[in-house]
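Fold and contact review
This is what each chain is made of:
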Amino acid sequence: MIYADNAATTKMSDAAIDTMVACMKETYGNPSSLYEVGQKAKEVLENAREEVMKAIGANNFREILFTSGGSEADNQALRSAAEIGRAAGKMHIVSSAFEHHAILHTLKRLEKEGFEVTLVDVHEDGLVRPEEVEAAIREDTCLVTIMYANNEIGTIQPIREIGAICRAKGVLFHTDAVQAIGHIPVNVQEDNIDLLSASAHKFHGPKGTGFLYARKGIKLTNLIEGGAQERGKRAGTENVPGIAAMAVALNDAVANLEQNAEITKKKRDRLIAGLKEIEHSAINGDETKRLPGNVNFCFEGIEGESLLLLLDDKGIQASSGSACTSGSLDPSHVLLAIGRVHDVAHGSLRLTIDEKTSDEDVEFIITAVKDVVTYLRSFSPIWRDLVTGKKEFIL
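The sections below set out a description of the structure shown in this document. (Residues numbered from 1 in each chain as written. Predicted model: local features only at pLDDT ≥ 70, side-chain atom pairs only at ≥ 80, totals over all residues. Heavy atoms only, no water.)

**With respect to the sheet that holds strand 6 (residues 172-176)**
As summarised here, the arrangement of the 7 strands in space is 2-8-7-6-5-3-4, forming an open sheet in which the pairing is mixed. Each end of this open sheet is capped by a strand with a single partner; those strands are strand 2 (64-67) and strand 4 (116-120). Mean inter-strand twist for the sheet, computed between neighbouring axes without regard to direction, equals 20°. The sheet contact formed by strand 5 (residues 141-145) and strand 6 spans 3 bridges and is parallel. Within the sheet, the bridge partner assigned to Leu 143 lies in strand 6 and is Leu 172. Along the sheet face, helix 3 (residues 70-87) touches strand 2, strand 5, strand 6, strand 7 (195-199) and strand 8 (210-214) and points at about 165° away from the line of strand 7. On top of the sheet, helix 4 (residues 101-112) reaches strand 3 (92-96), strand 4, strand 5 and strand 6; it is set at about 155° to strand 3, its chief contact. (Pairing = 2+ DSSP bridges. Helix = DSSP H or I, 4+ residues; strand = E, 2+ residues; numbered from the N terminus. Axes fitted to C-alpha atoms, helices over the stretch in contact; angles between N-to-C directions. Contact = heavy atoms within 4.5 Å.)

Quick look at the structure:
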């Protein structure tokens, strides 16, 4: 079996598993308790907070708030910035059309509460233009939220430039960095980031664990009320084993980031070159300004679901887009945002590999995709109409 869906989730590292199990066995106390086993758990918790702080270049361990994952962190970041804006009479938010649904759905909810949202265009290369973000900012803008790297097509956004614009204009800047953390360099100070969301299972940590970075001085709005955990900003007993494992996984990812990225890029580029040999196909997003392991293609004349099922039969685990919307029959909103038409967007394939994907795996994937695309087109009425000239090719 070849696992090529690391954007959906990654396999937990041995170090993260060992840390989690040891914590469950030895540091099982409630970190809010005053007795010894509780205080040991608290020490593990705060050590993890320090490690996460260092990994993203934050200034203060108090700027790290542990959550259940990226979606919760996204929700809390947006709601907090919105409440700060409401208090100042600023009810306008700027974002992009291809954000994760944790962002887009929260923005829809905020619109119902009286906020106005501007979604800047994403161009065919899968990139947001800083100057267009700047043009969208108004006197009443309270927040700009642009993802660091897209979860489907992997394009890396000009976050540092956008952050600098926001900082100069006095507007809070949030980035959903769920796909970026642990795979490309992220430094909240150098990137001018005020709020950042991350999720452990995207960098070989456990599911159900993540964090929100909130720059000192930003007042957070609670999503969960109850106890005084996480400085009173997120009630509920902390998931100490998961948090400890996340810190270990993040440390490993950051320590080996440059080496792993270089290895993975070479395999990614070979995969792209091989799939480009398929006629009437196209890569989605910029070919180089993308995550090291992300390859996303559209193949004209086929359906992505059939492609995935036949690849699965060959032992290749892949996806057609975000795992969060895999049950939907609608084409990807990300592909539509970069200008792909519905018929083409339906024939998409996302392959997300890592440094452990072998060269042999890459060659097998290329051959398998070529064979499956040819097979599916052999009995596709859409493909027949295209080759006979009844319809015009788009790709």
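**Notes on the pairing of strand 2**
Burial along strand 2 is two-sided: Ile 64 and Phe 66 and Leu 65 and Thr 67, pointing in opposite directions, are all buried. As judged from the 4 bridges shared by strand 2 and strand 8, these two strands associate in the antiparallel manner. By the bridge assignment, Leu 65 is partnered in strand 8 with Leu 212. (Buried < 20%, exposed > 50% of the residue type's maximum accessible area, 1.4 Å probe, protein only.)

**Digging into the packing of helix 9 (residues 304-313) against helix 12 (residues 359-378)**
With their axes 10 Å apart at the nearest point, helix 9 and helix 12 run at an angle of 130° to one another. Looking at the two axes, helix 9 sits oblique to helix 12. As for how helix 9 packs across helix 12, the hand of that crossing is right-handed. Contacts between helix 9 and helix 12 pair Ser 306, Leu 307, Leu 310 and Leu 311 from the former with Ala 368, Val 369, Val 372, Val 373, Tyr 375 and Leu 376 from the latter. Tallied by class, the residues present in the contact of helix 9 with helix 12 amount to 9 nonpolar, 1 polar and no charged. (Parallel < 35°, antiparallel > 145°, perpendicular 65-115°, else oblique. Left-handed = near helix turned anticlockwise from the far one by under 90°. Nonpolar A, V, L, I, M, F, W, Y, C, P; charged D, E, K, R; others polar.)

**With respect to the nonpolar core**
Inside soluble globular proteins, nonpolar side chains tend to come together where they are buried. Counting residues in hydrophobic clusters, the biggest one holds 58 residues, and the most contacted among them are Phe 66, Val 144, Ile 181, Leu 196 and Phe 211. Sort the elements by how many residues they give to this core and helix 7 (residues 240-255) lands first, with 7 residues. If you look at the next biggest cluster of nonpolar residues, it comprises 27 residues, including Ile 283, Phe 297, Ile 316 and Leu 351. (Core = buried A, V, L, I, M, F, W, Y, C linked by side-chain atoms within 4.5 Å.)

**Overview of the side chain of Glu 238**
Among the secondary structure elements, Glu 238 is positioned in the loop between strand 8 and helix 7. The contacts of Glu 238, once residues within four sequence positions are left out, are Pro 31, Leu 45, Gln 229, Glu 230 and Ile 243.

**Considerations on the environment of Val 122**
Of note, Val 122 is situated in the loop between strand 4 and helix 5 (130-136). Of the residues examined, Val 122 reaches a relative accessible area of 6% and is grouped as buried. Remark: the alpha-carbon pair of Val 122 and Thr 352, spanning 230 residues in sequence, is separated by 21 Å. Not counting residues within four places of it along the chain, the set of residues in contact with Val 122 comprises Ser 96, Ala 97, Phe 98, Leu 127, Val 128, Ala 337 and Ile 338.

**Examining the sheet that holds strand 10 (residues 294-299)**
The sheet built from 3 strands is open, its strands ordered 9-10-12 with antiparallel pairing. At either margin of the open sheet sits one strand with a lone partner, and together these are strand 9 (281-283) and strand 12 (348-352). When strand polarity is set aside, the average angle formed by the axes of neighbouring strands in this sheet is 20°.

**Structural notes on the pairing of strand 7**
Taken residue by residue, a regular strand's side chains alternate between the two faces of the sheet. Counting buried positions along strand 7 gives 5 out of 5 residues, so the element sits mostly inside the fold. Residue alternation in strand 7 divides its side chains into two sets, Leu 195, Ser 197 and Ser 199 and Leu 196 and Ala 198, and both sets are buried. Sheet topology note: the strand 6/strand 7 ladder contains 3 bridges and is parallel. For Thr 175, the partnering residue across the bridge sits in strand 7 and is Leu 196. Where strand 7 meets strand 8, 5 bridges bridge the pair, whose relative direction is antiparallel.

**Re the side chain of Asp 176**
With respect to the helices and strands, the residue Asp 176 is situated in strand 6. Here Asp 176 is buried and forms no salt bridge, its nearest opposite-charge partner Lys 202 lying at an N-O distance of 8.9 Å. Separated by 3.1 Å, the side chain of Asp 176 and the backbone nitrogen of Val 178 make a polar contact. Setting aside residues no more than four positions away along its own chain, Asp 176 makes contact with Asp 74, His 100, Ile 103, Ile 146, Met 147, Tyr 148, Ala 149 and Ser 197. (Lys, Arg positive; Asp, Glu negative; His and termini not counted. Salt bridge = Lys/Arg side-chain N within 4 Å of Asp/Glu carboxyl O. Polar contact = N/O pair within 3.5 Å; in protein donor to acceptor, adjacent residues only side chain to side chain.)

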